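Observations on the three-dimensional arrangement
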Amino acid sequence: MRLLLVEDDAMLGRAVLTALKMEGYDVDWMSAGQSALHCLETEDYDLVILDLGLPDVDGKNVLATLRKRGTTTPVIILTARDSIEDRVGGLDAGADDYMVKPFDQHELMARVRALLRRRSGRASPAVHYKDITLYPEAMKAEYQGEGVELSRREFMLLNELLHNIGRVLTREQLERAIYDWGQDVASNAVEVHIHHLRKKFNSDLIRTIRGVGYLVEKA
Ligand code: CA
(Lines give C-alpha, C1' and ligand atoms only; values in the text may rest on other atoms or scores of the structure.)
Protein backbone atom coordinates (compact mmCIF):
# COMPACT_ATOMS: atom_id res chain seq x y z
CA MET A 1 0.00 0.00 0.00
CA ARG A 2 1.37 3.39 -1.03
CA LEU A 3 0.25 6.48 0.85
CA LEU A 4 0.83 10.18 0.32
CA LEU A 5 1.13 12.37 3.41
CA VAL A 6 0.84 16.14 2.89
CA GLU A 7 1.69 18.07 6.04
CA ASP A 8 3.87 21.17 6.49
CA ASP A 9 4.24 20.88 10.27
CA ALA A 10 7.58 19.07 10.59
CA MET A 11 6.91 17.54 14.00
CA LEU A 12 3.41 16.33 13.22
CA GLY A 13 4.47 15.14 9.77
CA ARG A 14 7.31 13.08 11.19
CA ALA A 15 5.04 11.57 13.85
CA VAL A 16 2.39 10.54 11.30
CA LEU A 17 5.05 9.28 8.91
CA THR A 18 6.56 7.10 11.64
CA ALA A 19 3.18 5.73 12.67
CA LEU A 20 2.25 4.89 9.06
CA LYS A 21 5.59 3.18 8.43
CA MET A 22 5.15 1.12 11.58
CA GLU A 23 1.88 -0.09 10.08
CA GLY A 24 3.85 -1.26 7.06
CA TYR A 25 2.78 1.34 4.47
CA ASP A 26 5.06 2.91 1.88
CA VAL A 27 4.74 6.64 2.45
CA ASP A 28 5.76 9.73 0.48
CA TRP A 29 5.76 12.87 2.61
CA MET A 30 5.31 16.29 1.03
CA SER A 31 5.10 19.58 2.89
CA ALA A 32 3.58 21.79 0.19
CA GLY A 33 0.53 21.70 -2.08
CA GLN A 34 2.40 22.03 -5.38
CA SER A 35 4.73 19.14 -4.70
CA ALA A 36 1.75 17.07 -3.52
CA LEU A 37 -0.09 17.75 -6.76
CA HIS A 38 3.01 16.79 -8.72
CA CYS A 39 3.27 13.50 -6.82
CA LEU A 40 -0.42 12.80 -7.40
CA GLU A 41 0.05 13.35 -11.11
CA THR A 42 2.99 11.03 -11.45
CA GLU A 43 2.33 8.30 -8.86
CA ASP A 44 -0.54 6.00 -7.95
CA TYR A 45 -1.55 6.16 -4.30
CA ASP A 46 -3.99 4.04 -2.33
CA LEU A 47 -4.78 6.85 0.08
CA VAL A 48 -3.91 10.50 0.75
CA ILE A 49 -3.65 12.22 4.14
CA LEU A 50 -3.95 15.93 3.46
CA ASP A 51 -3.42 18.92 5.74
CA LEU A 52 -5.69 21.86 4.82
CA GLY A 53 -3.39 24.67 5.95
CA LEU A 54 -0.42 24.47 3.59
CA PRO A 55 2.14 27.22 2.84
CA ASP A 56 1.37 27.49 -0.89
CA VAL A 57 -1.81 25.91 -2.30
CA ASP A 58 -4.65 25.46 0.21
CA GLY A 59 -5.32 21.79 0.94
CA LYS A 60 -8.89 22.24 -0.21
CA ASN A 61 -7.66 23.35 -3.64
CA VAL A 62 -5.34 20.35 -3.81
CA LEU A 63 -8.35 18.13 -3.14
CA ALA A 64 -10.55 19.95 -5.66
CA THR A 65 -7.83 19.63 -8.33
CA LEU A 66 -7.45 15.94 -7.56
CA ARG A 67 -11.20 15.29 -7.90
CA LYS A 68 -11.43 17.39 -11.05
CA ARG A 69 -8.86 15.07 -12.59
CA GLY A 70 -11.26 12.23 -11.79
CA THR A 71 -9.05 10.62 -9.15
CA THR A 72 -11.12 8.63 -6.65
CA THR A 73 -8.25 7.90 -4.23
CA PRO A 74 -9.59 8.18 -0.67
CA VAL A 75 -8.55 11.38 1.10
CA ILE A 76 -8.42 12.04 4.84
CA ILE A 77 -8.20 15.72 5.68
CA LEU A 78 -6.23 17.01 8.65
CA THR A 79 -7.25 20.39 9.93
CA ALA A 80 -7.13 22.70 12.90
CA ARG A 81 -10.20 24.50 11.64
CA ASP A 82 -13.00 23.17 13.71
CA SER A 83 -15.97 24.97 12.23
CA ILE A 84 -18.94 23.18 10.66
CA GLU A 85 -18.56 25.21 7.44
CA ASP A 86 -15.02 23.92 6.95
CA ARG A 87 -16.07 20.33 7.50
CA VAL A 88 -19.00 20.53 5.13
CA GLY A 89 -16.79 22.37 2.64
CA GLY A 90 -14.13 19.68 2.84
CA LEU A 91 -16.64 16.88 2.46
CA ASP A 92 -18.32 18.63 -0.47
CA ALA A 93 -14.90 19.03 -2.07
CA GLY A 94 -14.58 15.24 -2.05
CA ALA A 95 -12.86 14.29 1.19
CA ASP A 96 -13.69 10.88 2.64
CA ASP A 97 -12.85 11.54 6.24
CA TYR A 98 -11.79 14.26 8.60
CA MET A 99 -9.42 14.53 11.56
CA VAL A 100 -9.39 17.69 13.64
CA LYS A 101 -6.04 18.56 15.25
CA PRO A 102 -4.92 17.60 17.78
CA PHE A 103 -5.86 14.00 17.07
CA ASP A 104 -4.96 10.60 18.38
CA GLN A 105 -2.51 8.68 16.15
CA HIS A 106 -4.31 5.41 16.83
CA GLU A 107 -7.56 6.88 15.65
CA LEU A 108 -5.92 8.15 12.46
CA MET A 109 -4.43 4.69 11.82
CA ALA A 110 -7.85 3.08 12.39
CA ARG A 111 -9.45 5.43 9.87
CA VAL A 112 -6.70 4.78 7.33
CA ARG A 113 -7.34 1.03 7.68
CA ALA A 114 -11.11 1.52 7.41
CA LEU A 115 -10.84 3.52 4.19
CA LEU A 116 -8.37 1.11 2.62
CA ARG A 117 -10.62 -1.81 3.54
CA ARG A 118 -13.66 -0.12 2.07
CA ARG A 119 -11.73 0.61 -1.12
CA SER A 120 -10.61 -2.98 -1.56
CA GLY A 121 -13.95 -4.58 -0.65
CA ARG A 122 -15.92 -3.04 -3.46
CA ALA A 123 -15.92 -5.93 -5.91
CA SER A 124 -19.67 -5.93 -6.33
CA PRO A 125 -21.70 -6.04 -9.56
CA ALA A 126 -23.46 -3.12 -11.25
CA VAL A 127 -26.76 -1.93 -9.79
CA HIS A 128 -29.62 -1.14 -12.17
CA TYR A 129 -32.69 0.92 -11.36
CA LYS A 130 -34.90 2.39 -14.08
CA ASP A 131 -32.49 4.40 -16.27
CA ILE A 132 -29.77 4.56 -13.60
CA THR A 133 -26.78 2.22 -13.42
CA LEU A 134 -24.20 2.24 -10.62
CA TYR A 135 -20.81 0.57 -10.95
CA PRO A 136 -19.69 0.14 -7.34
CA GLU A 137 -16.18 -0.99 -8.18
CA ALA A 138 -15.42 2.05 -10.27
CA MET A 139 -17.73 4.33 -8.22
CA LYS A 140 -19.23 5.49 -11.48
CA ALA A 141 -22.86 6.28 -12.25
CA GLU A 142 -24.81 6.50 -15.49
CA TYR A 143 -28.17 8.12 -16.10
CA GLN A 144 -29.94 7.57 -19.42
CA GLY A 145 -26.70 6.20 -20.81
CA GLU A 146 -24.59 9.23 -19.83
CA GLY A 147 -21.97 9.38 -17.09
CA VAL A 148 -22.94 11.42 -14.01
CA GLU A 149 -20.36 13.04 -11.74
CA LEU A 150 -20.99 12.03 -8.14
CA SER A 151 -18.98 12.69 -5.01
CA ARG A 152 -17.97 9.61 -3.06
CA ARG A 153 -20.66 10.25 -0.44
CA GLU A 154 -23.37 10.90 -3.01
CA PHE A 155 -22.43 7.63 -4.64
CA MET A 156 -22.52 5.72 -1.34
CA LEU A 157 -25.84 7.27 -0.40
CA LEU A 158 -27.49 6.39 -3.69
CA ASN A 159 -25.95 2.92 -3.59
CA GLU A 160 -27.46 2.37 -0.13
CA LEU A 161 -30.90 3.55 -1.25
CA LEU A 162 -30.81 1.38 -4.38
CA HIS A 163 -29.92 -1.64 -2.27
CA ASN A 164 -33.04 -0.96 -0.20
CA ILE A 165 -35.66 -0.31 -2.89
CA GLY A 166 -39.13 0.13 -1.40
CA ARG A 167 -37.80 0.56 2.14
CA VAL A 168 -37.79 3.83 4.04
CA LEU A 169 -34.31 4.58 5.41
CA THR A 170 -33.94 7.02 8.28
CA ARG A 171 -31.40 9.81 8.22
CA GLU A 172 -29.43 7.95 10.91
CA GLN A 173 -29.32 4.78 8.79
CA LEU A 174 -28.04 6.76 5.83
CA GLU A 175 -25.45 8.55 7.97
CA ARG A 176 -24.20 5.20 9.20
CA ALA A 177 -23.94 3.99 5.64
CA ILE A 178 -21.78 6.87 4.45
CA TYR A 179 -19.80 8.03 7.49
CA ASP A 180 -17.52 6.12 9.79
CA TRP A 181 -18.53 5.41 13.33
CA GLY A 182 -17.79 8.25 15.73
CA GLN A 183 -17.28 10.77 12.94
CA ASP A 184 -18.90 14.14 13.46
CA VAL A 185 -21.55 14.72 10.83
CA ALA A 186 -23.23 18.05 10.10
CA SER A 187 -26.92 17.65 10.98
CA ASN A 188 -28.03 18.44 7.43
CA ALA A 189 -25.32 16.44 5.60
CA VAL A 190 -27.71 13.75 4.34
CA GLU A 191 -30.25 16.37 3.19
CA VAL A 192 -27.51 18.17 1.26
CA HIS A 193 -26.40 14.97 -0.52
CA ILE A 194 -30.02 14.05 -1.34
CA HIS A 195 -30.60 17.51 -2.75
CA HIS A 196 -27.58 17.08 -5.04
CA LEU A 197 -28.68 13.61 -6.12
CA ARG A 198 -32.14 14.89 -7.07
CA LYS A 199 -30.56 17.63 -9.16
CA LYS A 200 -28.17 15.21 -10.89
CA PHE A 201 -30.80 12.57 -11.67
CA ASN A 202 -34.40 13.61 -11.29
CA SER A 203 -36.38 15.23 -8.52
CA ASP A 204 -38.70 12.20 -8.14
CA LEU A 205 -35.88 9.69 -7.63
CA ILE A 206 -35.77 9.95 -3.83
CA ARG A 207 -38.98 10.57 -1.90
CA THR A 208 -38.92 12.32 1.47
CA ILE A 209 -41.21 10.62 3.96
CA ARG A 210 -41.72 13.50 6.36
CA GLY A 211 -40.61 12.74 9.90
CA VAL A 212 -39.39 9.26 8.92
CA GLY A 213 -36.72 9.28 6.24
CA TYR A 214 -36.10 8.65 2.55
CA LEU A 215 -37.34 6.13 0.02
CA VAL A 216 -36.66 4.99 -3.52
CA GLU A 217 -39.86 3.38 -4.74
CA LYS A 218 -40.07 0.06 -6.52
CA ALA A 219 -39.63 0.48 -10.25
CA1 CA B 1 -0.45 23.12 8.26
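All values reported here derive from a predicted model rather than from experimental measurement. (Residues numbered from 1 in each chain as written. Predicted model: local features only at pLDDT ≥ 70, side-chain atom pairs only at ≥ 80, totals over all residues. Heavy atoms only, no water.)

We note that the domain assignment places domain 1 (2-119) and domain 2 (127-215) within the protein. Each of domain 1 and domain 2 has a C-alpha centre, and the two are 25 Å apart. (Domains from an automatic or database assignment.)

So, about the environment of A186. Following the sequence through the fold, A186 ends up in the loop between α7 (171-178) and α8 (189-200). In the structure, A186 is positioned 11 residues away from E175 in sequence and 10.0 Å away in space, judged by C-alpha atoms. (Helix = DSSP H or I, 4+ residues; strand = E, 2+ residues; numbered from the N terminus.)

The next subject is the side chain of D51. Positionally, D51 belongs in strand β3 (residues 47-51). A distance of 3.0 Å separates the side chain of D51 from the side chain of K101, its partner in a polar contact. Leaving out residues up to four positions away in the same chain, D51 has contacts with V6, E7, D8, G59, L78 and K101. (Polar contact = N/O pair within 3.5 Å; in protein donor to acceptor, adjacent residues only side chain to side chain. Contact = heavy atoms within 4.5 Å.)

Turning our attention to the environment of F155. Here F155 shows up in helix α6 (residues 152-162). Taking the C-alpha atoms as reference, F155 lies 9.6 Å from Y135; in sequence the two are 20 residues apart. Ignoring anything within four residues of it in the chain, the contact list for F155 reads L134, Y135, P136, M139, K140, A141 and L150.

What follows concerns the sheet that holds strand β2 (residues 26-30). Pairing in this open sheet of 5 strands is parallel, and the strands run β2-β1-β3-β4-β5 from one edge to the other. Single-partner strands in this sheet number two, and they are β2 and β5 (97-100). Taking the axes of each pair of neighbouring strands and ignoring which way they run, one obtains an average angle of 15° across the sheet. The pairing of strand β1 (residues 2-6) with β2 spans 5 bridges and is parallel. Each bridged residue has a counterpart across the sheet, and for L4 the counterpart in β2 is D28. This element, helix α2 (residues 33-42), spans β1, β2 and β3 of the sheet and lies at about 165° to β1. (Pairing = 2+ DSSP bridges. Axes fitted to C-alpha atoms, helices over the stretch in contact; angles between N-to-C directions.)

Let's shift gears to the pairing of β1. Burial analysis of β1 places 4 of its 5 residues in the buried class, the great majority of the element. In the classification by handedness, the crossover that spans β1, the intervening helix α1 (residues 10-22) and the parallel β2 is right-handed. (Buried < 20%, exposed > 50% of the residue type's maximum accessible area, 1.4 Å probe, protein only. Right-handed = clockwise from strand over helix to strand, strands pointing away.)

Coordination of the calcium ion by the protein involves D8 (OD), D51 (OD) and G53 (O), with metal-donor separations of 2.2 to 2.3 Å. In terms of primary sequence, the donors binding the calcium ion are separated according to D-x42-D-x1-G. Taken together, the positions of D8 in the loop between β1 and α1 and D51 in strand β3 put the pair 43 residues apart, joining distant regions of the chain. The partly exposed category is assigned to D8, whose relative accessible area is 34%. In this structure D51 comes out as buried when scored by relative accessible area, which is 3%. (Donors = N, O, S within 2.8 Å, 3.2 Å for Na, K, Ca; no water.)

Moving on, we get to the packing of aromatic side chains. Tallying each qualifying case throughout the model produces 1 aromatic pair. The interplanar angle of 70° and the centroid separation of 5.4 Å between the aromatic rings of Y143 and F201 together place this pair among those described as edge-to-face. Of this pair, Y143 sits in strand β8 (residues 140-143) while F201 sits in the loop between α8 and β10 (207-209), and the two are 58 residues apart along the sequence. The same class applies to Y143 and to F201, which are both buried. (Phe/Tyr/Trp six-rings, centres within 6.5 Å; stacked < 30°, edge-to-face > 60°.)

With that settled, consider the side chain of H193. On the secondary structure map, H193 appears in helix α8. When sequence neighbours within four positions are dropped, the list of residues in contact with H193 reads D92, R153, E154, L157, I178 and Y179.

Turning our eyes to something else, we now look at α2. Of all the residues in α2, the buried ones are G33, A36, L37, C39 and L40. Along the axis of α2, the buried positions cluster into a sector of 160°, meaning they face one direction only. Residues of α2 that are exposed and point over 90 degrees away from its buried face: Q34, E41 and T42. Where the residues of α2 are buried, they touch β1, β2, β3 and α3 (59-68). (Arc of directions from axis to C-beta.)

Attention now goes to unusual backbone geometry. Put simply, K101 and P102 share a cis peptide bond, and its omega is -5°. With respect to the element layout, P102 can be found in the loop between β5 and α5 (105-120).

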